[in-house]
Structure formats: structure tokens, C-alpha cells
Amino acid sequence: MIRIADIYINYGTDLQEITYEIMKEANIASRLKPDMRIGIKPNLVLARSADEGATTHPEIVEGIILYLQDTGIDDITILEGSWVGDSTQRAFKNCGYTKLQEKYGVKLLDTKRDNVIAKASKGLSLNVCESAVSVDYLINVPVLKGHCQTGLTCCLKNLKGCIPDSEKRRFHSLGLHKPIAALSAILRPSLHIVDSVCGDLSFEEGGNPVVANRIMLGFDPILLDSYGAQLIGYNPDDIKHLRIAKEYGLGNYVSDDTIIKELNEHNRPIVNTKSNNISRRLSKYIEEDSACSACYASLIYALDKIGGVNNEKIKIGQGFKGKTLDGLGVGKCTSGCKYYVKGCPPKANDIIEAIKGYNSI
Ligand code: SF4
């Protein structure tokens, strides 16, 4: 297989279209056979609409289904088990997945009702839902978002929906990180497509979406999670389950050798700052002019973690291109500022470091 890119990124608001496009770009068809049984694992942690920042947008899964069906595949199952105390059936219905079933003839499988098999991994015996193990090709479709206990939830933690409720409880009693890493040694999805459209700032149940209008595709969950961690303001080692999974040899962190291919980079959606509660709350620290949503999202994640800036407002957006200015700017467009954070879009962890330095001036 020719290595064209390790991570593919696409931007846009037509989620079905950008998903189809990113799969085509990565030539996923070359990895598939028509008689394969495909599993798609979204994040439907609870029955809440995707625009609230917790669950996978059904339009992304629709783009995946259309792509698969165009390659001749018809055995497609969407499998998920909501968190303990919530009904997966209700999540399927409220989050738009029942409609996908009706429209495309795909199957919906509630992993809470699935057979369970015991698997040994890294000194633990874990109970895993059979369907997740038995499909020929598993596509993981997590949401990149903050998490109050683990810091980040993305590719690795999303697999927790493939274990029964009793095991979800036990994971918490085991401290979450080690069993999440051990589970990722058992379940090795063939493909990951990350919904980074409007993941929550800090809670897995949503309510504080940060709009980035972005999706990412890759094959190494640790690579994607480590990149995602940086985007929302962490260093990969800050996320304990990621560190353990890497120590297990299950993947690599993002590095200078990682090939990242961006699509539509010159056509990124511009953020609508007025539509977002968090943006409104943090806007007192920001001077924005035509900022791309992914760029603005990085700044929001950074400001939330660091609590603000001492001096004047931080500049961000394409409107600052070519201008010579005082103060701190975020992103390549503000390279005319006295201090600025490189990147297009920059990562939140780089912005945090820059703000710390700037606050100490
Ligand atoms: S640096 Fe400019 S062009 Fe690049 S993402 Fe930010 S606002 Fe958009």
C-alpha cells in the first residue's frame, strides 16, 4: 500500500460530502472487498443531537455508507451502546440513525444486547461485544472532545461503546486508563474517521460545542488521538490512556515525520462567533476578523484552559493578513503581529504556550 498520508483532514459544512471526499482521497476502496461485513462505530454516548457536541453527526456516517455502497458493499451494521443509564435505541432514534437505517437498509445493533466474549489483554480479562470482534472491517467514528476524567475522548475511548454495561462500570473501578488502553489492543478498527465538527469543550455529554467544521481520517488511533490532543490543548503524554497504549506498542504519536494531507484548506468555513455560548463568553479576550472555524476553535480551547490574557486582545483571522501590528496574534494570518503563534490552523497547546509567554512579558 502506497503511503500518501498518515492523517487526512477535510473542512466544510456539508458533512456528507466532505466525508465521501476524504474517503475517496484516501482510496479506502482499495482496502475493501464487496463481500466484507462492515461495522461502523459512532459515538452515541447519549440521546443528544450532534450539534450539542457529544455525538457523531449522522451526516458523516451517511457519507461513509454512501461511499461503501458505491464500492459494492451492502452488509453494513452501525453498532453502539450508549453509556450506562441511557438507552441506545433512544439514541439511534434521536440522533438520526434510525432514519439512516430506513433510507439505506443498514442494520442497527445495540451492543448492550449483544453476545459477550472474554478476551485477555495486557494482564486483564475484558468482556467485549461479539459483533465488534466479528466484523471484517470496523470503522471507528468518534467525536474529538474534552472529557472531565480522561481529558480527551477520541478514537481509543470511543471503543468503550463495544463493551457491555457491567464492563463499563468495571472500567471506572479500574481507573479507566489502563482498561481503555488494553481494550484498544483487542479492538483494532481498520479505519478511523474523526468527527471534529463541534466537539464539546470539556464534557463527554456535550452542551458546550466548539465549532471547528473539520473531519480527520487515519489508520493509527494513537496518531489521531495524539494529534487531536494537541488540537484541544494537551500534550499527548497528558492523556494517560494514550501514553499507556503507546507503551503497549499500539501506535505512534504525531511527529515531524507524520504526513498530514489537508483538503479544502483554502476553503475553510469562517466561524460564526455569535452562534456559540463559549465564544461569546471568551470573546472579551479576542479580536476576530474572518477567522476560520478550526483556527478559532483552537483559540477557544486554549483560552478556556489558561483562563485569559493579561494584556490586549488576541488577534485572529484572515482580516489581519499583511498588517503590521502590536500584540499577540494566532495563526499564519497574523504573522505581522509582534508575537504570533505559527500554524494554519495552529494547535491549542502551542497557543497555550504562547499565551503563557505573553502573559509573563
Ligand atoms: S491562520 Fe488564517 S487561514 Fe489559517 S486557519 Fe487561521 S484564520 Fe484560517
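Preceding this paragraph is the structure being described.
On a predicted model such as this, the values are computed, not experimentally measured, just so you know. (Residues numbered from 1 in each chain as written. Predicted model: local features only at pLDDT ≥ 70, side-chain atom pairs only at ≥ 80, totals over all residues. Heavy atoms only, no water.)

Engineer: What exactly am I supposed to notice about the sheet that holds strand β10 (residues 191–196) here?
Structural biologist: Within a sheet, adjacent strands bond to each other through the backbone by hydrogen bonds, running parallel or antiparallel. The eight strands lie next to each other as β4-β3-β2-β7-β10-β11-β1-β12, forming an open sheet whose pairing is mixed. What marks the edges here is a single partner per strand, and that holds for β4 (107–110) and β12 (260–263). For this sheet, the mean inter-axis angle between neighbouring strands, taken without regard to orientation, is 20 degrees. Looking at chain direction, β10 and strand β11 (residues 214–218) are connected through five bridges and run antiparallel. Counterpart to Ser 196 in the pairing with β11 is Arg 214. (Pairing = 2+ DSSP bridges. Helix = DSSP H or I, 4+ residues; strand = E, 2+ residues; numbered from the N terminus. Axes fitted to C-alpha atoms, helices over the stretch in contact; angles between N-to-C directions.)

Engineer: Explain the environment of Ala 348 here, please?
Structural biologist: In this fold, Ala 348 is placed in helix α13 (residues 348–359). Excluding residues within four positions of it along the chain, Ala 348 makes contact with Gln 230, Leu 231, Ile 232, Gly 233, Ser 298, Tyr 301 and Ala 302. (Contact = heavy atoms within 4.5 Å.)

Engineer: For this particular structure, what's the right way to read a negative patch on the surface?
Structural biologist: Side chains of Asp 14, Glu 17, Glu 21 and Glu 59 sit close together on the surface and give a patch of like negative charge. For Glu 59, the position within the fold is in helix α2 (residues 58–70). (Patch = residues over 30% accessible without salt bridge, like charges linked within 9 Å, V, L, I, M, F, W, Y side chains within 5 Å. Areas by Shrake-Rupley, 256 points an atom, 1.4 Å probe, with all protein chains shown as cover. Salt bridge = Lys/Arg side-chain N within 4 Å of Asp/Glu carboxyl O. Lys, Arg positive; Asp, Glu negative; His and termini not counted. Charge placed at Lys NZ, Arg CZ, Asp CG, Glu CD.)

Engineer: Help me understand the pairing of strand β3 (residues 76–80) in this model?
Structural biologist: Successive residues of a regular strand alternate their side chains across the two faces of the sheet. Within β3, five of the five residues are buried, which leaves it mostly tucked inside the rest of the structure. Neither face of β3 is open: one carries Ile 76, Ile 78 and Glu 80, the other Thr 77 and Leu 79, and all of them are buried. Pairing analysis gives three bridges linking strand β2 (residues 38–42) to β3, with the strands arranged parallel. Bridging across to β3, Gly 39 finds its partner in Thr 77. Between the parallel pair β2 and β3, the chain is carried across by α2, and the sense of this crossover is right-handed. (Buried < 20%, exposed > 50% of the residue type's maximum accessible area, 1.4 Å probe, protein only. Right-handed = clockwise from strand over helix to strand, strands pointing away.)

Engineer: Explain the site of the ligand here, please?
Structural biologist: The local shell around the ligand consists of Arg 268, Cys 292, Cys 295, Gly 317, Gln 318, Gly 331, Lys 332, Cys 333, Gly 343, Cys 344 and Pro 345. Looking at the shell around the ligand residue by residue, the classes come out as five nonpolar, four polar and two charged. (Near = heavy atom within 4 Å. Nonpolar A, V, L, I, M, F, W, Y, C, P; charged D, E, K, R; others polar.)

Engineer: How do you make sense of helix α12 (residues 293–306) when you look at a structure like this?
Structural biologist: For the α-helix, the turn length of 3.6 residues means that residues three or four positions removed from each other point alike. With 14 residues, α12 extends 20 Å between its outermost C-alpha atoms, agreeing within 8% with the 20 Å of an ideal straight helix rising 1.5 Å per residue. The buried count for α12 comes to eleven of 14 residues, which makes it a mostly enclosed element. Residues of α12 that are buried include every one of Ser 293, Ala 294, Cys 295, Tyr 296, Ala 297, Ser 298, Leu 299, Ile 300, Tyr 301, Ala 302 and Leu 303, and no others. Positive backbone phi, approximately 90 degrees, marks Gly 307, located one or two places after α12. (Expected span 1.5 Å × (residues − 1).)

Engineer: I'm lost on the environment of Ile 222 in this one. Help?
Structural biologist: Looking at the secondary structure, you find Ile 222 in helix α9 (residues 221–231). In contact with Ile 222, other than residues within four places in its own chain, are Leu 156, Leu 242, Ala 245, Lys 246, Leu 250, Gly 251, Asn 252 and Tyr 253.

Engineer: I'm lost on the side chain of Glu 167 in this one. Help?
Structural biologist: Here Glu 167 is to be found in helix α7 (residues 165–173). Note on Glu 167: relative accessible area 2%, which makes it buried. Not counting residues within four places of it along the chain, the set of residues in contact with Glu 167 comprises Ser 125, Leu 126 and Asn 127.

Engineer: Hey, could you run me through the packing of aromatic side chains in this one?
Structural biologist: Evaluated as defined, the whole model comprises two aromatic pairs. With 5.4 Å between their ring centres and 70 degrees between their planes, Tyr 20 and Tyr 67 make a pair best called edge-to-face. One end of the pair, Tyr 20, is in helix α1 (residues 15–25); the other, Tyr 67, is in helix α2, with 47 residues separating them in the sequence. For Tyr 67, a relative accessible area of 5% puts it in the buried group. (Phe/Tyr/Trp six-rings, centres within 6.5 Å; stacked < 30°, edge-to-face > 60°.)

By themselves, these are just geometric observations and shouldn't be taken as functional.
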